[in-house]
Structures are given as C-alpha cells and as structure tokens.
Amino acid sequence: MAKPVAPVSTSDYIKAYRVMLVSRVLEDKLAALYRAGMIKGGVFLGKGQEALSVSVGIQLRRGDLFAPLIRDQAGRLAFGDTVLDTLRTYLGSALGSMRGRDGNIHRGRPRDGYYAMISHLGAMVPAVAGGLLARRLRGESGIVGATCLGDGGTSTGAFHEGLNAAAVDKLPLLVVVANNRYAYSTPNSRQYACADLLDKAAGYGVTGHRADGTDLADCLRTLRTAIHQAREGGGPQLVVADLLRLVGHGEHDDASYVEESLKKSRLGADCLQLAESHLLDQKWASADDLRSWRNEAEREVNAAADRVRREPIPDPAEEDWTALSTATMRENPGTP
Amino acid sequence: MITYLEAIRLAQQKALATDPRVFLYGQDIGTFGGAFKATKNLSTEFPGRVLDSPLSEDAIVGIAIGAAIEGARPIVEMQFADFSTCGLNQIVNHAATLFYRTGTPCPIVVRLPSGGTSGGGPFHSQSLEAVYSHWPGLVVLTPATVEDAYSMLLESVALDDPVVFCEHKFLYYHLKAERLPDEALPIGKARIARPGRDASVVTHGAMLHESLAAAELLAQDGFELEVVDLRSVKPLDTDTVLASVARTGRLLCVSEEWPWGGVAAEVIARVSTEGFGLLDAAPVRINAKDTPVPYHPELWAVHRPTASTIAAAARQLLHI
C-alpha cells in the first residue's frame, strides 16, 4: 500500500471544531426561526452528529464528490456549503441554490460535486458510485466520493444495491453510517438483526471502519483513514459511527421515544461539548477563545439570517414551470 | 436488411463511436451482448465502455444519474421494461427531479424492452410508457419503426434530459428496413403513418402495425383510416393529432397498455378538451384488458388489441 495516513494535527482538530460550532449555532438559529414560524416546511437538525459529519466533509478535497444526508449540516459547511445558502434554502429565498423549488436539507450544487439528496434513503449511494464511475471512465484517478446515511438507511434496497455495485467495480466510495439509534422513532432493535452494522462490510466485500461518533479526534482519524484507503485504490469503505441523535427527527418531533438510559449513556454525550472540554484540557484553546469563536459564529449566522429575511421570495409568475431542460420537449396541457 | 433490434444496436454503436461521453451499463450487456443481443460485440469494439452491472435496477439507474451529473451520457438497459419498476424510484424521483431542483440536467437514456410477445407472460410483457409519462421531468419514447428505433435512440443520447426509451420487443426481429435514415422527424413530432379521410387511429409502438393492418381491412370495405404514429408519448404531439381529427372527425385510440390512465386516455382527454368541436362522434379507445398479461399465446392474443379488434372498433365508430 502506498502513502501512510497523515496524523490528525491540533490545527486539524481546531479547524474541524470551529465548523462544528458554526453548524451548531446555525442549527440553533434554524430551530429558533422554526419556532417563530419563519421557516417554510420542516427543520431537520444534526445535533450530536457534527463530529462525524464534519470529519467527512472537511477531509474531502476539491474535486471529490459528496452526497450528504439529513443530519450533515457540519459536513456540508466543511465541504463548501455556506451559512447563507443554508438560510436561503430554509427561509425560501429566491436567491438560494434551490430557488424555492426544494427546501431545507434537499439542497446541493451537483455540478460542484455537492449532490442534492432526495428523500428516498439510500438513493445517493449508487448516484455517488455513478459519479465515480464516470470520472474513472474519463481517466481521472485519486478522486473519492462520500455519502452519509443513518441506521435506517442501511435497511433500504438502494443502500444494498449501491454499495454492492460499487464494490463490484471497486469504486473509491465512502459510505458513512451514523448509527444514531433511531430512524425517526424506530429503534435499532426493529431496524436490523445482525449483531453489528459493521458486520455488513464483510458481506459486501468492503473494508469496515468503526468510529466513536461522540469523539471528534476519533472521527477525524477514522474518516481520514477510510478516505485515504478509498483514494489509494482500496475500493469502497464502510464507516459506522456510534452516537445518539440529540434532537427529534425534525423540530416537530419531541423525540419522547428515545430511551432515558441511552440519553444517559456514553452515546448520549454531546460531541461539541466533549470537543470543547478536549480543547481546554489539551490547552489547545482557552475559554476566551471558545467564547470569541462562538460570538464570531453567532455574528455570521445572525447577519446572514437578517440579510436573507430581506431577500425576495420566489415569484410564481417568473417561473417557467418546466421540469425539462430542452425547450422543445416541454408541454403543459390542461394548465392555465 | 436491418431489423429493429439491429437498429438499436447500431444506434448504440454509433453513439459510442461518435461521443466519448457515452457508455453502456446493464445486466448481461458486456461479452454476452445482452438478453436480446442489443449490445452484441459492443464490449469488444469499445473496451471498458460496455459494462455488466449486478442485478440491481435501482443501482443501475442511480449510477447512470451520478455519471450524468459528472458529464457522461450513459445508456442503461433494463433487461425487461417490467423490471424497471425496481429502478422506478431513481427514474422518477431522482433523474426526473434533478434539473427542476438543481438546474443540473440529467442526460440519461433508460432502455426498456417493452410490450408483449407470445409466451412472455405477466412479468416480461408490460408497456409502462404511461406510468413514466405521469411524472414530470422525463421524455418517454415509443419508436414503432426500424428507422425511429435508430434515429430516436441517437437523438435521445444527444438530449440533455432523461429519456425512457420504450423499444418494443415484438418488433425486434420481424420488423426490417433496407437502410437507416440520415435524417428523421425530431422527438416530439408524431407521424401520419397512413393518410385517410374517414377516422383517425392514434397509436404507438407495436400497435402501429396492428392499426395499419386494420386500416388495410377497412380499405377493403372502401373506408380510409388515417393512422397516426405518436412516436413519442411525452411530449405528446397534440397538434398533429388534432389536425388529423380535424380532417376525419373521428378518433380511435389504440394502445397496448392497460386502460386506466393510459396513453389512449390522455389522447382522448386532449382531443375532447382542445378539439371537441372537431369530433363527429364520441371517441373510442381500445387497450389491453385490465389483467396481468397472460402467458398462454391463445390468451395473450385476445388480451391485447389486434388488427381484427381494431377493425371492429373502427367499423363501430364509422357505423358500418
């Protein structure tokens, strides 16, 4: 095997933490806007999953592919999505990348390698595999594609078909499973019967990696290794991270079904708080640093939210109401 | 002579030869050449660009979508149209929504060997063009001639939108042409396959040939049916259909699909709403019976419209 994996440095850790922090502050803002009735549609947060998510997004390179899922605000920001576009999409600004045609977490810029998820879980696994296949056919190498999903997503046919097909072609695909214990309200015990989700890696003939989803350093290390192995020709990599979703499925959901014992367990720890303790313990940052970083994040988020609230909303009269790019293929019978 | 099936193979060969972005992906399409041999020898001629897939329709279409996002022009083969339902989600929820949602086009071609053949049975005979036409964001094609099989497949590959290419298995072997066209009607235009003055028969796919045979039968009685081959069911060329009905005053829609919400129903809806005044009689439709497609040839022959049932319906429409 080629190059060794570079160790995770202090500055890597701090950089990742600061993206997690912006993500958390942004999501707190989204939750507040939701409660104030200002969000169009639902709000789906990744609280408790930032360490895992950021570790994916921040360690991909320009030119790689990334198809995040519902709880990947941190990974999205790390990969190049912005606070501004997140708010535009949630608040329904006409200037957002989805122009009001789709909302919340269903956003992306596919041409930039940032795929826009559909709600059907597992669907992005073969899509990223296909992107990688096309790159390979074009003669490009050294590219990695990553997609994220949850424990629920591993039960879908698309996950199975996509990972299997990627394994057959030995594509540099990273499938990151956040085992957050619940798919909406369905617990692991009703989701799968194998002893461990990571056991599935052997079944597909892919390399498996386990991460402690509450521990930023472990997530960074694990994802760095997995991405490296995919990039170096090791084929698909399946990462399973253990953690707990610290919010409801969406902000409409009080998550009353989450077992108390799980909340109190190690899994229920908040990865952001743990990272802050680690930064202080290691003396990589002071309490003042943490405060000023948070203030900075809050200023950015609040300024973006204020700006977006003054932006135009989509105008139905300006829409061309077509789903096809080719003008001659369009038709709209029976509509006024 | 070039068969309909060979035209499809030659179109893929030409697409591969002329456009480096094109690749083929599907079950058994590599060295084996495909279940129907629509990709015979192509993997040898274009090494690394005609790829066998696992038995995974969802992944086949999903992979095509990702490849298209990255600038490729994938042509994927569903072994039978019937199995495309296992890839339905990727087709209708992913490929068909991509441009609308993100502004990124999704130029994929999904080939669906469609329609009934003798002995095919419930799961190797379906005509799903109306199902795919229901979702916005797809172009749905039903070539009924060797020439169209060739030219429309090539045009599909050049199109920036996802195409569901419903090629008819019944036409694969027996339909033949002297040569392939250099120029053709564009996608989205219907064709008057046989001019006539007494009634318009609007049809597509294999039913074109049953309708033409029915027109021969009616001609023996001195009546001239005008047969319109839709070619593409989405977009649907309402103008050509209305112009034909304007000439004949009568409409008979013939479709091999099931009746509920089918192409025939859509054509009748359009003519009734946009051209009611052109009609001298209530429109008539003939579809396959509303059961799964039966296996036994004797049952199958009655399940779908045929020249004789079309002719009978035409006589009724014309009060003869």
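Definitions and cut-offs
- Per chain, the residues get numbers from 1 upward, laid out in the order the sequence is written.
- Numbering of ligands from 1 and lettering of chains from A proceed in the order in which they are written.
- Thresholds applied to this predicted model are a pLDDT of at least 70 for local features of residues and 80 or more for the giving and counting of side-chain atom pairs; totals over whole chains, interfaces and linings are not thresholded and use all residues.
- Just so you know, side-chain values use all the structure's heavy atoms and leave hydrogens and water out.
- The salt bridge definition used is simple: a Lys or Arg side-chain nitrogen within 4 Å of an Asp or Glu carboxyl oxygen.
- Secondary structure counts use DSSP, requiring at least four H or I residues in a row for a helix and at least two E residues in a row for a strand, with both numbered from the N terminus.
- The classification of residues rests on relative accessible area computed with a 1.4 Å probe and restricted to protein chains. Under 20% of the type maximum is buried, over 50% is exposed, and intermediate values are partly exposed.
- We call two strands paired when DSSP finds no fewer than two bridges between them.
- The crossover handedness rule: strands pointing away from the viewer, path from first strand over the helix to second strand clockwise, crossover right-handed.
- Throughout, a contact is declared for two residues whenever any of their heavy atoms are within 4.5 Å.
- Accessible surface is computed with a 1.4 Å probe, and the buried area is the amount of it that two parts give up when combined, taken over both parts together.
- Domain extents, as shown, originate in an automatic or database domain assignment.
- Axes here refer to lines fitted to C-alpha atoms; in helices the fit is confined to the stretch in contact. Angles between the N-to-C directions go from 0 to 180 degrees.
- Oblique is the label for any angle not covered by the other classes, which are roughly parallel (under 35 degrees), roughly antiparallel (over 145) and roughly perpendicular (65 to 115).
- Three classes are used, and their members are as follows: Ala, Val, Leu, Ile, Met, Phe, Trp, Tyr, Cys and Pro are nonpolar, Asp, Glu, Lys and Arg are charged, and the others, Gly among them, are polar.

S.K.: Help me out: how do you make sense of the pattern of salt bridges in this one?
M.R.: When the charged atoms of two side chains with opposite charge come close together, those side chains can pair. Summed over the entire model, instances satisfying the criterion amount to 39 salt bridges over all chains. Linking Arg24 of chain A and Glu50 of chain A is a salt bridge whose minimum nitrogen-to-oxygen distance equals 2.6 Å. Pair noted here: Arg24 of chain A is in helix H1 (residues 10-35) and Glu50 of chain A is in helix H2 (residues 50-57), with a separation of 26 residues, a long-range link. Given the relative accessible area of 5%, Arg24 of chain A is considered buried. For Glu50 of chain A, a relative accessible area of 1% translates into the label buried. For Arg247 of chain B, the salt bridge goes to Glu226 of chain B, with nearest N and O atoms at 2.7 Å. Taken as a pair, Arg247 of chain B in helix H8 (residues 238-248) and Glu226 of chain B in strand S11 (residues 225-229) lie far apart in primary sequence, 21 residues in all. Given a relative accessible area of 47%, Arg247 of chain B falls into the partly exposed group. Residues participating in the shared-partner salt-bridge network are Arg135, Arg138 and Glu140 of chain A together with Glu70 of chain B.

S.K.: Whenever I open this one, the pairing of strand S7 (residues 163-168) of chain B confuses me. Can you help?
M.R.: Side-chain direction in a regular strand flips from residue to residue, so the side chains alternate between the two faces of the sheet. Residues and elements named next belong to chain B. Burial within S7 is extensive, with six of its six residues counted as buried. A two-sided burial pattern is seen for S7, the buried positions comprising Val163, Phe165 and Glu167 on one face and Val164, Cys166 and His168 on the other. For strand S5 (residues 109-114) and S7, the ladder comprises six bridges, and the chain directions are parallel. Looking at the pairing, Pro113 lines up with Glu167 of S7. In terms of strand pairing, strand S6 (residues 139-141) meets S7 through three bridges, oriented parallel. Each residue of the ladder has a partner; that of Val139, found in S7, is Val163. As a crossover connection, the stretch from S6 through helix H6 (residues 146-158) into S7 is right-handed.

S.K.: Would you mind going over the interface of chain A and chain B with me for this structure?
M.R.: Often, the extent of an interface is quoted as the loss of accessible area upon association of its parts. Listed by partner, the interface residues are 44 residues for chain A and 44 residues for chain B. Of the roughly 3500 Å² buried between chain A and chain B on both sides combined, carbon and sulfur atoms contribute 60%. When the buried area of chain A at its contact with chain B is split by residue, Glu161, Met329 and Glu331 of chain A rank highest and sum to 17% of it. Seen at the junction of chain A and chain B, the total is three salt bridges. With a shortest N-O distance of 2.8 Å, Glu70 of chain B and Arg135 of chain A are connected by a salt bridge.

S.K.: Would you mind showing me how to read the domain arrangement of chain B here?
M.R.: Residues and elements named next belong to chain B. According to the domain assignment, chain B consists of domain 1 (2-177) and domain 2 (191-317). Placing the centre of domain 1 and that of domain 2 at their C-alpha centroids yields a distance of 26 Å. Across the contact, 31 residues belong to domain 1 and 26 residues belong to domain 2. Across the domain 1 to domain 2 interface the summed buried area is about 2100 Å²; carbon plus sulfur atoms make up 58%. Summed over the shared surface of domain 1 and domain 2, the number is one salt bridge. Of the charged contacts, one joins Arg231 and Asp148 as a salt bridge, the two residues approaching to 2.8 Å between their closest N and O atoms. Counting only elements with at least two residues in the side of domain 1 that touches domain 2, the list comes to helix H5 (129-134), S6 and H6. In terms of residues, the side of domain 1 that touches domain 2 owes the most to one element, H5, which gives four residues.

S.K.: Before we go on, may I ask you to explain the packing of helix H5 (residues 124-137) of chain A against helix H6 (residues 157-168) of chain A in this structure?
M.R.: What describes two packed helices is the angle between their axes and the distance between those same axes. Residue and element names in this part refer to chain A. Here H5 crosses H6 at 25°, and the two axes come no closer than 7 Å. On the basis of their axis angle, the class for H5 and H6 is roughly parallel. Of the residues in H6, those touching H5 at Val125, Pro126 and Ala129 are Ala158, Phe159, Gly162, Leu163 and Ala166. Taken together, the residues of the contact of H5 with H6 sort by class into seven nonpolar, one polar and no charged.

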